[in-house]
Amino acid sequence: MAEPFVHLSVLGEESPEALVIRPDGLYVDGTFGRGGHSRRILAKLAPEGRLIAFDRDPEAVRAAAEIDDARFRIVHAPFSTMAEELARLGVAAGEVDGVFLDIGVSSPQIDDASRGFSFRFEGPLDMRMDTTTGVTAAEWLNTTDEKTIRRVIDLYGEERFAGPIARAIVARRAEKPFATTGDLADLVASVVPRNKKDMGQHPATRTFQAIRIEVNRELEELRTALNAAGRLLAPAGRLAVISFHSLEDRIVKRFFDRAAHPERDLDPRLPIPVSKLPKPAFVDVERIRPSEAECAANPRARSAILRAGTRTAEPWTNIEV
Ligand SMILES: C[S@@+](CC[C@H](N)C(=O)[O-])C[C@H]1O[C@@H](n2cnc3c(N)ncnc32)[C@H](O)[C@@H]1O
């Protein structure tokens with residue numbers, strides 16, 4: 001029944017390959033979605049192996065009930081809290097063999113009009129991955145000051161017209177508060193000229209992305225989870241992360257760069273003997289892209305980048321990214 005989602009999982013072959021180092025190990029899938037990757041990870045595990053999956057979306061957690069496998073369990077929580085949640089399950093720092101993250105929104109989330117993620121479908125302007133908590137996109141737009149709205153659209157949407165869009169949002173909500181995806185999509189389309197180079201792209205694409213990132217605190221989630229994974233992984237354990245846009249990939253890349261080359265953060269003028277140089281916390285860092293064939297079959301794969309690395313035995317110190 002879940003078979004179609006297995007096919008849609010981006011880098012579905014490469015990710016479990018990059019993650020599973022020992023079939024009897026303990027693994028974490030921080031982004032269950034519809035379980036495409038989780039199922040493939042389970043397929044690589046021995047009877048003694050274990051997989052603990054997370055998702056903050058109650059729909060995803062409901063879908064996980066379909067997996068009838070004693071080696072598997074699902075936790076409804078943001079992946080930034082994986083260390084605390086695992087501690088509750090009796091798993092301590094240094095005891096995990098692999099952590100996997102496939103960040104962003106899932107196709108079922110985007111395609112469900114009632115979730116408000118897409119300007120293509122009319123629906124309530126919600127955009128929360130976890131519908132049980134937090135502020136909706138409409139509430140955020142109706143209550144946030146213009147300067148902050150502008151900064152979010154500029155930073156997370158990399159949108160040139162952030163200023164005029166923020167101004168128009170504040171003017172429009174004074175007349176009528178935002179309620180639906182159409183309210184926002186139409187307003188942005190009235191301010192942003194069509195991209196001549198890409199007429200297929202809706203002018204609200206970048207604004208929707210920015211507000212989604214803000215409402216779900218996606219980049220903070222990622223930064224916290226990467227450090228939690230660094231602390232949880234056993235020596236030789238693997239961290240594998242798929243990202244879909246440059247903001248996320250920049251964070252993942254910088255995280256691995258700094259963990260693999262801590263000496264680069266030192267002041268080069270300091271006379272430090274080689275034996276005293278800090279040692280890498282991750283090695284064998286690799287970057288994997290989907291094949292041509294996968295991109296042809298699944299256009300969503302085109303922007304995906306998988307970065308993976310192997311944890312060393314060095315004690316973990318927090319990495320700012
Ligand atoms: C791209 S989908 C994952 C698809 C999944 N790998 C599969 O094969 O079906 C991302 C999923 O991660 C969840 N997610 C995103 N950010 C999260 C976070 N900070 N904590 C927990 N779950 C998160 C989303 O709710 C969504 O279900």
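See the structure above.
As the structure is a computational prediction, the values presented were derived from the model and not from experiment.

**Focus on the sheet that holds strand S2 (residues 50-55)**
So, point 1. Pairing is mixed in the open sheet, where 7 strands are placed in the order S3-S2-S1-S4-S5-S7-S6. Since the sheet does not close on itself, it has two edges, and those belong to strand S3 (72-76) and strand S6 (282-288), each with one partner. Pairwise comparison of adjacent strand axes, ignoring direction, gives a mean angle of 15° for this sheet.
So, point 2. In this structure, strand S1 (residues 26-29) lies alongside S2, joined through 4 bridges in parallel fashion. Note that in S2 the partner of Asp-29 across the bridge is Ala-53.
So, point 3. Packing of helix H3 (residues 36-44) onto the sheet brings it into contact with S1, S2, S3, strand S4 (96-102) and strand S5 (233-243), and relative to S2 it is tilted by some 175°.
So, point 4. The strands touched by helix H13 (residues 246-260) are S5, S6 and strand S7 (305-311); relative to S7, the strand with the most contacts, the crossing angle is about 25°.

**Describing the pairing of S2**
So, point 1. Most of S2 sits inside the fold, with 5 of its 6 residues counted as buried.
So, point 2. For the crossover from S1 across H3 to S2, the handedness is right-handed.
So, point 3. Looking at chain direction, S2 and S3 are connected through 5 bridges and run parallel. Considered in S3, the bridge of Phe-54 is made with Val-75.
So, point 4. Between S2 and its parallel partner S3, the chain crosses via helix H4 (residues 58-64), and the hand of that crossover is right-handed.

**Observations regarding the site of the ligand**
So, point 1. Surrounding the ligand, one finds 23 residues, the nearest of these being Ser-9, His-37, Asp-55, Asp-102 and Glu-221.
So, point 2. Between the ligand and the protein, one listed contact pairs an oxygen atom with a backbone N or O atom of Arg-34 at 3.0 Å.
So, point 3. In this structure, a nitrogen atom belonging to the ligand sits 2.7 Å away from a side-chain N or O atom of Glu-221.
So, point 4. In isolation the ligand has 600 Å² of accessible area, and contact with the protein removes 95% of it.
So, point 5. Tallied by class, the residues present in the shell around the ligand amount to 6 nonpolar, 10 polar and 7 charged.

**Looking at the nonpolar core**
Taken as a class, soluble globular proteins show a tendency for nonpolar side chains to be buried jointly.
So, point 1. Core analysis: the biggest nonpolar cluster contains 66 residues, and Met-82 and Leu-239 have the highest contact counts within it.
So, point 2. The element best represented in this core is helix H12 (residues 218-232), accounting for 7 residues.
So, point 3. Composition of this core by domain shows at least three residues from each of domain 1 (3-107 + 218-311) and domain 2 (131-215).
So, point 4. In this structure Leu-239 touches Val-99, Leu-226, Ala-229, Leu-233, Phe-255, Phe-256, Phe-282, Arg-307, Ala-308 and Gly-309, once residues within four positions along its chain are discounted.
So, point 5. Among the nonpolar cores identified, the runner-up in size contains 25 residues, and Ala-18, Ala-53, Phe-100 and Cys-295 belong to it.

**Thoughts on helix H11 (residues 205-215)**
Structurally, the α-helix is built with 3.6 residues per turn, so residues lying three or four positions apart point the same way.
So, point 1. Taking burial as the measure, the 11 residues of H11 include 8 buried ones, the bulk of the element.
So, point 2. Against helix H7 (137-143), helix H8 (146-157), helix H9 (162-175), helix H10 (181-191), H12 and H13 lie the buried residues of H11.
So, point 3. Backbone geometry just after H11 places Arg-217 at a positive phi near 50°.

Thresholds applied
Residues numbered from 1 in each chain as written. Predicted model: local features only at pLDDT ≥ 70, side-chain atom pairs only at ≥ 80, totals over all residues. Heavy atoms only, no water. Pairing = 2+ DSSP bridges. Helix = DSSP H or I, 4+ residues; strand = E, 2+ residues; numbered from the N terminus. Axes fitted to C-alpha atoms, helices over the stretch in contact; angles between N-to-C directions. Contact = heavy atoms within 4.5 Å. Buried < 20%, exposed > 50% of the residue type's maximum accessible area, 1.4 Å probe, protein only. Right-handed = clockwise from strand over helix to strand, strands pointing away. Near = heavy atom within 4 Å. Polar contact = N/O pair within 3.5 Å; in protein donor to acceptor, adjacent residues only side chain to side chain. Areas by Shrake-Rupley, 256 points an atom, 1.4 Å probe, with all protein chains shown as cover. Nonpolar A, V, L, I, M, F, W, Y, C, P; charged D, E, K, R; others polar. Core = buried A, V, L, I, M, F, W, Y, C linked by side-chain atoms within 4.5 Å. Domains from an automatic or database assignment.

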